[in-house]
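# Report on the structure
Listed below, chain by chain, are the residues.
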Protein chains: 2
Amino acid sequence: MNVVLLSIGNEILAGDTVNTNASWISKRLTELGCSIKIQMTVPDEQNSIQDALKSILKNNPDLVITTGGLGPTEDDITREVIFDFVGTGYEFDEDYWKNLKQRFERFGFDIPESNRSQALIPMQGKVIPNSVGSARGLQFQIDSTTLITLPGVPAEMKSMMHESIIPFIRAQGVSTPNMKLLRTTGIPESTLIEKIEPATAKEHHCTIGYYPSYYGVDIRITSDAQAALSRLSSEISDILGHSIYAVDKIDIAEVAVGLAVDKGATFAAAESCTGGLIGHRITEVSGSSKAFLGGVVAYSNDVKQKGLGVQSSTLEKYGAVSAETAEEMAENVLSEFQADYGLSVTGIAGPTGGTEDKPVGIVYIGLAKKGTVKVKKLQFGEHRSRNKLRTSQAALNMLRLALIHE
Amino acid sequence: MNVVLLSIGNEILAGDTVNTNASWISKRLTELGCSIKIQMTVPDEQNSIQDALKSILKNNPDLVITTGGLGPTEDDITREVIFDFVGTGYEFDEDYWKNLKQRFERFGFDIPESNRSQALIPMQGKVIPNSVGSARGLQFQIDSTTLITLPGVPAEMKSMMHESIIPFIRAQGVSTPNMKLLRTTGIPESTLIEKIEPATAKEHHCTIGYYPSYYGVDIRITSDAQAALSRLSSEISDILGHSIYAVDKIDIAEVAVGLAVDKGATFAAAESCTGGLIGHRITEVSGSSKAFLGGVVAYSNDVKQKGLGVQSSTLEKYGAVSAETAEEMAENVLSEFQADYGLSVTGIAGPTGGTEDKPVGIVYIGLAKKGTVKVKKLQFGEHRSRNKLRTSQAALNMLRLALIHE
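Residue numbers run consecutively from 1 along every chain, following the written order of its sequence. Chains carry letters and ligands carry numbers; both start at the beginning, A for chains and 1 for ligands, and go up in the order they are written. Where totals are concerned, whole chains, interfaces and linings use all residues; where local detail is concerned, this predicted model gives features only for residues with pLDDT of at least 70, and gives and counts side-chain atom pairs only at 80 or more.

### A word on the sheet that holds strand E13 (residues 267-271) of chain A
Across the sheet, which stays open at both edges, the ten strands sit in the order E17(A)-E16(A)-E15(A)-E13(A)-E14(A)-E14(B)-E13(B)-E15(B)-E16(B)-E17(B) with mixed pairing between neighbours. This sheet does not close on itself; its edge strands, each paired only once, are strand E17 (372-379) of chain A together with strand E17 (372-379) of chain B. Going across the sheet, the axis of each strand differs from the next one's by a mean of 15°, ignoring polarity. Docked against the sheet, helix H15 (residues 384-404) of chain B engages strand E13 (267-271), strand E15 (341-347), strand E16 (362-369) and E17 of chain B, running at close to 25° with respect to E16(B). Paired strands, as defined in this entry, are two strands with at least two bridges between them according to DSSP. Note on conventions: DSSP H or I runs of at least 4 residues are helices, E runs of at least 2 residues are strands, and numbering of each starts at the N terminus. To define axes, lines are fitted to C-alpha atoms, for helices over the stretch in contact only, and angles between the resulting N-to-C directions are given on a 0 to 180 degree scale. Note that contacts rest on C-beta atoms placed from the backbone: two residues are in contact if these are within 7 Å.

Here's what the structure looks like:
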């Protein structure tokens, strides 16, 4: 099924809003077996919207989904523009208007008159219900193309996709493609590609895509033949081993938490340069409290010493950013929280604060476990946010690898 | 200056990559006074790219910027497709190839033959240098339209925008629009609109946009007349007062850190349900170590008690999620870290773990300052990540307001 997405909204074109709707819908529909041919964004202007629809329909896509412009303000013109484009009359839905009024009253508001536009329904076509907001969607058939119009508010769009659009697409009988995702971390893209060459150099009847990010490199393998896909992905998996942390789009924090829960292990974190990011990522995982006890954010030297009991002699002799400090932080957070694992990071996130010996981007990660402690030294770049992300990823990976061998 | 952006990449259409390049470029160019007419994404396919360019050029935009498809792999066909579209021959740039080879050698790699395509240069048009990567850009003039082709790697695209494209646009003499951004938090959109009606109901010759997010509501005011813009924005500012936390696109954490540094105040945070997110947001701010001492992530009850000295009687009588626990957490983190302010949050992030008394989304935020402590109770929804975000925003806002009145 060929699909075109048309986002309507000045805020996207002004760069104020990142178009996560387009990527969200694309991802869901690709998984269903659809092929997204074009994503397009135009302003809240009659001519722009109609010109875009005209040019899109020329290629006869099976499905066009528009998002945005169904709100109650005067910017929101999509509904009327689509009625005009399709050439349908419309009427006022008194029942829905009453229903809307009541919803507003329940929250203690008088409904603004401007919301009346949301009660307009076309004489042709269908109305798509919206169970979480006031803007209902629209569905029309134009020759071989189905045109669906949804609101741009992500929560409303998503709920309508799940409740109406995805079931509609499934009913058309699209076939899900054979796809395998391998998420790796800790190996640069070029090295990774070289490493798996024994598997990829021969004829394998698959398409391989590499998607590097600060979290690592995702490998996406697709094929028309399930057997070929299984063969190639298992060969790659054999080569990469534990460098693959997930075979689904989940975060490494979720993998680490899952392993800890499975093994009945608890852990705590002492964070310096990541400032709480490791704890934040872990606690994004529902149920993480079963394994994650908490941590200390030791941002100042004083805190490293008092809050975490790092010896002042260690700080003086080796500095706050050193393997020795990382070791003590990991050991002390382990004992303070009575955890099975103590994770620590100390480094210079940047963009300033580096020295010749210890340049910006230097990081030490410590992992303590009853009586043993390991430290890993890493060197990242000059970008503060990225250094924090990459450090948290490397630390969670160190914890994950230790838990695998638990 | 009318601009069209064309992103080229299967990973965007498959929803694997959010198109942050489009929003980043749009934002920068809008600030420069350009008007982004269309954002479009097409796959790495010759016909799709050329069809898109044809339909875009029909409307004679002043500038078209493409991103993506300039890498060394066989997917990356943009360079050759553009040469073909423009109708230019090309040659192999031996000097650049030598230069690329040396760069690879410096990192200890042999350069793959596939990188040769990156040394191709057109007979017509210009090459745009890339100081952070190997994919150089291209620039052509097609009638009244300038066509610029950039790589899709965000760091490379951004560096080339700053070094070449933005200076080029500035040299065309576009006029920056009159715009004012007011970032608010703590007031729901509908209430906000009602509140500022005394300023907005009369003729004001401005355009007002409201952009709600989990951080609050941004108000963007634009006008052709600078005087009208100043008048309206100062009237709105008078009404909203300290509900406006910034007049630029900066995070509330940066505002709070700035205030603390200005006033010479230090602070520490005790986080339960946010799990480290507050510390993470604060430490995204370069220089935050001047004010932020650190914190405790008290995820388990045991940690609240041992690590933070919350009395077991408090936990037993009122529970871990209570005003009383929030109070003690704030007071204890203040004294433990010897900070001027102690911030605390405890709540139920969800999606499970709620009770009738304490439903999912309930949050207590505490703020202690030498001998005084305030607690605020909030009720959010059922979505874990959003609850964490909104809690961190409310907590940082509470700290900010206290610092304003310091």
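### Re the relation of the copies chain A and chain B
Fitting of the copies onto one another was done by least squares over C-alpha atoms, counting residues only where both copies have pLDDT of at least 70. Mapping chain A onto chain B calls for a screw motion: a turn of 180° about the axis and a shift of 0.1 Å along it, with 0.2 Å RMSD after fitting. On the angle and the small slide along the axis, the relation comes out as a two-fold axis. Here 100% of the interface residues in chain A have copies in chain B that are interface residues too; the copies meet face to matching face.

### Quick word on the nonpolar core
Each nonpolar core reported here comprises buried Ala, Val, Leu, Ile, Met, Phe, Trp, Tyr and Cys residues connected via C-beta atoms within 7 Å. Buried, partly exposed and exposed are defined by the number of other C-beta atoms within 10 Å of a residue's own C-beta, namely 20 or more, between the two limits, and 12 or fewer respectively, with C-beta atoms placed from the backbone. Counting 112 residues, the largest nonpolar core has A:Phe267, A:Val333, A:Ile365, A:Leu399, B:Val333, B:Ile365 and B:Leu399 as its most contacted members. Excluding residues that lie within four positions of it along the chain, B:Ile365 makes contacts with B:Ala326, B:Ser344, B:Val345, B:Val375, B:Lys376, B:Leu378, B:Ala394, B:Ala395 and B:Met398. Core analysis: the next-biggest nonpolar cluster, separate from the first, contains 76 residues, A:Val3, A:Ile169, B:Ile25 and B:Val42 among them.

### A closer look at the pairing of E16(B)
On any regular strand, side chains alternate: one points to one face of the sheet, the next to the other face. All names here are of chain B. With seven of eight residues buried, E16 is to be regarded as a mostly interior element. Bridging between E15 and E16 involves six bridges; their strand directions are antiparallel. When the bridges of E16 are listed, Ser 344 appears paired with Gly 366. Counting the residues between successive antiparallel strands, the hairpin from E16 to E17 contains two residues, one of them, Gly 371, with a positive phi of roughly 85°.

### Considering the packing of helix H3 (residues 46-57) of chain A against helix H4 (residues 78-86) of chain A
To characterise two packed helices, one gives the angle between the axes of the helices and the distance between these axes. All names here are of chain A. Between H3 and H4, the shortest axis-to-axis distance is 10 Å and the interhelical angle comes to 50°. Between H3 and H4, the crossing angle belongs to the class labelled oblique. Along this stretch, H3 crosses H4, giving a crossing that reads as right-handed. Counting all contacts with H3, which are made through Gln 46, Ile 49, Gln 50 and Leu 53, the residues of H4 involved are Thr 78, Val 81 and Phe 85. Just so you know the grouping, Ala, Val, Leu, Ile, Met, Phe, Trp, Tyr, Cys and Pro go in nonpolar, Asp, Glu, Lys and Arg go in charged, and all remaining residues, Gly too, go in polar. Residue classes in the contact of H3 with H4 are distributed as four nonpolar, three polar and no charged. An angle below 35 degrees is treated as roughly parallel, one above 145 as roughly antiparallel, one from 65 to 115 as roughly perpendicular, and anything else as oblique. Each crossing gets its hand from how the near helix is turned against the far one by less than a right angle, where anticlockwise is left-handed and clockwise is right-handed.

### Describing the interface of chain A and chain B
The partner chain B presents 56 residues to the 55 residues of chain A that form the contact. For the side of chain A that touches chain B, the secondary-structure elements that each account for two or more residues are helix H1 (10-13), helix H2 (20-32), strand E2 (35-42), strand E10 (207-213), helix H11 (277-283), strand E14 (292-298) and helix H15 (384-404) of chain A. Residues that form the side of chain A that touches chain B fall into these classes: 24 nonpolar, 25 polar and six charged. With five bridges connecting them, E14(A) and strand E14 (residues 292-298) of chain B associate as antiparallel partners. The residue of E14(B) that forms the bridge with A:Gly295 is B:Val297.

### Looking at unusual backbone geometry
Following A:Gly350, the chain continues to A:Pro351 via a peptide bond in cis, the omega torsion being 5°. Even without being a glycine, B:His205 presents a positive backbone phi close to 55°. Within the secondary structure, B:His205 sits in the loop between helix H8 (197-200) and strand E10 (207-213).

### Considerations on the domain arrangement of chain A
Per the domain assignment, the segments making up chain A are domain 1 (2-171), domain 2 (178-246) and domain 3 (252-404). In this entry, domain limits derive from an automatic or database-based domain assignment. Spacing between the C-alpha centres of domain 1 of chain A and domain 2 of chain A amounts to 37 Å.

### Quick notes on the confidence of the model for chain A
Per-chain confidence: chain A averages 92 in pLDDT, with 100% of residues scoring 70 or above. Here the predicted complex carries an ipTM of 0.77, next to a pTM of 0.79. pLDDT measures how confident the predictor is about each residue, on a scale from 0 to 100.

### Regarding the sheet that holds strand E9 (residues 178-184) of chain A
Through backbone hydrogen bonds, the strands of a sheet pair up, either in parallel or in antiparallel fashion. Residues and elements named next belong to chain A. Read across the open sheet, the four strands follow the order E10-E11-E9-E12; overall the sheet is antiparallel. Either end of the sheet is taken by a strand with one partner, and the two such strands are E10 and strand E12 (244-246). Taken over all neighbouring pairs, the strand axes of this sheet differ in orientation by 30° on average, direction set aside. In the sheet, E9 pairs with strand E11 (residues 216-223) via seven bridges, with the strands oriented antiparallel. Within the sheet, the bridge partner assigned to Leu 182 lies in E11 and is Ile 219.

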